[in-house]
Each structure stands twice: as C-alpha cells, then as structure tokens.
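So the chains spell out like this:
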Amino acid sequence: MNSKLTKALQVLARTVETGSMSQAALQLNMTASAVSQQIAKLEQDIGLSLFNRSTRKQTLTEAGQIYYTTAKQLLATAEEAQRQLERLQNTPSGQLKLIAPIGFGGGLLSRPIKQLIEEFGEIEIDLTLTDDPVDIIATGADLAICIGPLSSSNLIARHLAKWDLVMCVDSQHPLAVEKAKHPDELQAYSYVAHNAVSRRFTQITHLPSGAATELHTPRVRVNNMQAVIQLTLDGFGYALLPEPEVRHHLRSGKLVQLLPDWHMGSYDVYAVTPQRDSIAAKTQAAIVNLRSWFDDVSSKSISA
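Residues numbered from 1 in each chain as written. Predicted model: local features only at pLDDT ≥ 70, side-chain atom pairs only at ≥ 80, totals over all residues. Heavy atoms only, no water.

Some details on the nonpolar core
In this structure, Met-167 and Phe-294 are the most contacted members of the largest nonpolar core, which totals 59 residues. The dominant element in this core, judged by the number of residues it contributes, is strand E6 (residues 155-170), at 8 residues. The residues contacting Phe-294, other than those within four sequence positions of it, are Phe-104, Leu-108, Leu-109, Ile-145, Leu-160, Ala-161, Trp-163 and Val-269. Leu-9, Met-21, Ala-25 and Ile-39 belong to the second largest nonpolar core, which has 17 residues in total. (Core = buried A, V, L, I, M, F, W, Y, C linked by side-chain atoms within 4.5 Å. Buried < 20%, exposed > 50% of the residue type's maximum accessible area, 1.4 Å probe, protein only. Helix = DSSP H or I, 4+ residues; strand = E, 2+ residues; numbered from the N terminus. Contact = heavy atoms within 4.5 Å.)

Points about helix H3 (residues 32-46)
Its 15 residues give H3 an end-to-end C-alpha distance of 22 Å, which sits within 8% of 21 Å, the value for a rise of 1.5 Å per residue. All buried positions along H3 are accounted for by Val-35, Ile-39, Leu-42 and Glu-43. All buried residues of H3 lie within an arc of 100° about the axis, which places them on one face of the element. When the buried face of H3 is taken as reference, the exposed residues oriented beyond 90 degrees from it are Gln-37, Gln-44 and Asp-45. Looking at the residues trailing H3, positive phi occurs at Gly-47, about 75°. (Expected span 1.5 Å × (residues − 1). Arc of directions from axis to C-beta.)

Focus: the pattern of salt bridges
Under the counting rule described, the total for this entry stands at 8 salt bridges. Lys-41 is the salt-bridge partner of Asp-45, the closest N and O atoms lying 2.9 Å from each other. Here Asp-45 and its partner Lys-41 are both found in helix H3, 4 residues apart, which amounts to about one turn of the helix. The shortest N-O distance in the salt bridge between Glu-118 and Lys-114 comes to 2.7 Å. Taken as a pair, Glu-118 and Lys-114 lie in helix H5 (residues 110-119) at a separation of 4 residues, close to a single helical turn. (Salt bridge = Lys/Arg side-chain N within 4 Å of Asp/Glu carboxyl O.)

Let's talk about the environment of Ala-24
Considering the arrangement of structural elements, one finds Ala-24 in helix H2 (residues 21-28). Distance in space between the C-alpha atoms of Ala-24 and Ala-81 is 24 Å, their sequence separation being 57 residues. Non-local contacts of Ala-24, meaning those with residues more than four positions away in its chain, are made with Arg-14, Thr-15 and Thr-18.

Side note on the side chain of Thr-130
Within the fold, Thr-130 resides in the loop between strand E4 (123-129) and helix H6 (136-139). Its relative accessible area of 18% is what places Thr-130 among the buried residues. Setting aside anything within four residues of it in sequence, one finds Thr-130 in contact with Ile-99, Ala-100, Pro-101 and Ile-102.

Overview of the pairing of strand E14 (residues 266-274)
Counted residue by residue, E14 has 9 buried out of 9 residues, so it is predominantly covered. What you see with E14 is no split at all: Ser-266, Asp-268, Tyr-270, Val-272 and Pro-274 on one side and Tyr-267, Val-269, Ala-271 and Thr-273 on the other are buried throughout. In this structure, strand E5 (residues 143-147) lies alongside E14, joined through 4 bridges in antiparallel fashion. Paired with Ala-144 across the bridge in E14 is Val-272. As defined by bridge partners, E6 adjoins E14 across 9 bridges and the pair is classed as antiparallel. What sits directly across from His-159, in E14, is Tyr-270. (Pairing = 2+ DSSP bridges.)

Comments concerning the environment of Thr-18
Position of Thr-18 among the secondary structure elements: in helix H1 (residues 3-18). Relative accessible area serves as the criterion here: at 25%, Thr-18 is assigned to the partly exposed category. Once residues within four sequence positions are removed from consideration, Thr-18 is found in contact with Gln-23, Ala-24 and Gln-27. At a separation of 2.7 Å, a polar atom in the side chain of Thr-18 contacts the main-chain carbonyl oxygen of Arg-14. Reaching out from Thr-18, the side chain makes a polar contact with the backbone oxygen of Ser-20 at a distance of 3.0 Å. (Polar contact = N/O pair within 3.5 Å; in protein donor to acceptor, adjacent residues only side chain to side chain.)

Considering the packing of aromatic side chains
The relation between two aromatic rings is expressed through the spacing of the ring centres and the mutual angle of the planes. Inspection of the entire model under this criterion finds 5 aromatic pairs. Plain terms: the ring middles of Phe-104 and Trp-163 are 5.9 Å apart, the flat faces sit at 25° to each other, and that makes the pair stacked. In this pair, Phe-104 is assigned in the loop between strand E3 (94-100) and H5 and Trp-163 in strand E6, connecting sequence segments 59 residues apart. The class of Phe-104 is buried, set by a relative accessible area of 1%. Both rings, one in Phe-104 and one in Phe-294, keep their centres 6.0 Å apart while their planes meet at 70°; by these two values the pair is edge-to-face. Placement of Phe-104 in the loop between E3 and H5 and of Phe-294 in helix H11 (residues 281-299) is noted, with a sequence separation of 190 residues between them. Assigned by exposure class, Phe-104 and Phe-294 land together as buried. (Phe/Tyr/Trp six-rings, centres within 6.5 Å; stacked < 30°, edge-to-face > 60°.)

Quick look at the structure:
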C-alpha cells in the first residue's frame, strides 16, 4: 500500500478512535495542523466530508463511517502483510515498539537492548516506560514486559523470569541496626509500598517454621516502583522491593535487607504480545534476547 495513503488512513482511524484531532496528533507525534491537513486531503480526494464538525465535538458523516470502516480493513491487511514479510526476512528489522515497567529502565533493559541493536543493525527501538495499565493492542506495541499473572485472551504471554521481593531499608535507618527478627518489631516504623505490591502481597512466611503473618498497613502508597525505591533510600521507612531492581543498592550497602529468614513473595515476569497467527522476526529476536538476559539475572544472588 502507498505509504502516504497508509499514513492518511492511520490519521483518520486515530482521529475517530480518540474523538479529536488534537488527541490523534499527540498519539501520532504530529501537530494538530498536520492531522487536520491529512483529513482535509482525504475529503478533497473523495469529494465528501468525513466529519460533522461543531464547537463541542465532531462525528462521522455517513461517508466518513464507510471510509473509516474500509480504512480499518485496509490497515489491518497492510499490517498483516508487513508482519509476514518481516517473518520471511533472515535479519529482523524495523521499529520494535516495546513497553516495560518504569523500574526496568533503571538498568535491567540496558544490556538486552544494547545486544539487540548491535546484533541486528536494522532494528530501531521505541521504548515506553510506564507503571500504568497499558492496552497493548490499542497502543500498537510489538512487545510488552508485564508482571503476572495475566488473564487477557487477546494476548500471548511467554514466561521470562520469577523474581523475589526483598524487604529493605536505608542503611542509615534505625531498622538497619536493630536486626528485627519478627514483623511485629516493624510496627513502629513506616511501611512504604507500591500499590500493586500492597494489594497482591499481604502476607510473609517464616521459612524455618512455615508460619505466615500479615504485613502491616502501608503508611505511604505509590504507583511507581522507582519512587518507592527512592523513598526507601531517603529513609521514609521499609519497603518490599524487587530484588533485581535493588541488587546494586544492597551490594553497595545503601540498602539493608530486613528479615532474611522470611519469604516476602515473588512475582512472574512475562514477555507479552498480541495474539496473532505470526510473529515478526524483530519481536521473536527481542523475546529470545530478553529471556537469555533474565535467565542470567535470575541466576545471580545479591552477594554474587
């Protein structure tokens, strides 16, 4: 399909789906003026208006609805053709749109991304870091790194790793020298928690005895793991943190592990893709690369 027509159809589809040209422009990394020009050019080409416009909103005309439906079909066909072509290529290429939790941007993805672009010179990486829920299909992502469990039937999840949570505190915090042996001894101090962690991990288990106990209610809740780590480093209190994300702080002594005889819980890391009949070579290469790297990370201990 002609690349200019494909771009125009993408602009039309995103304008319809977001409800405004300005929102479409933001998502497509274009100016609102450029989006407006694309729509105007389509209308000029077919000789009909695609939208009913008012000061409050815009709606599709009958012609617009027909054109939008056809545009979606054409775009889907073009995307499938591109995926099949990429699959046939011996060397993965093109833009890989990758989404990952913010914490993975702290160094966990540096090596695998570096290896990927060094091995495949025609791959470009578009990395989005967010702790917010993401609709992988709506964003057009090729691959997302997600924390499980996952339930959507529209996605395919490939297991990458199982990582432990560790209870940590800043090395200058009173808890760092008190050597607490039971969770009840933490009650006088603030528990800083990631929203998702505090919902899913409410109990910890004493490894020698198997006895379980409830964690105290967090005093501070945050929706960003890097913020939780920073608050812990700033001495706000103790926190349950993903071991691979704070391993360097534990090794350097900036953070101290609390209650080492207690199991704090673990979480699964997945490489998630939309459910499709075929997977692009660039995506397959990324999954292989990530799995190898996460296997390496998982095999190492804090003291290694």
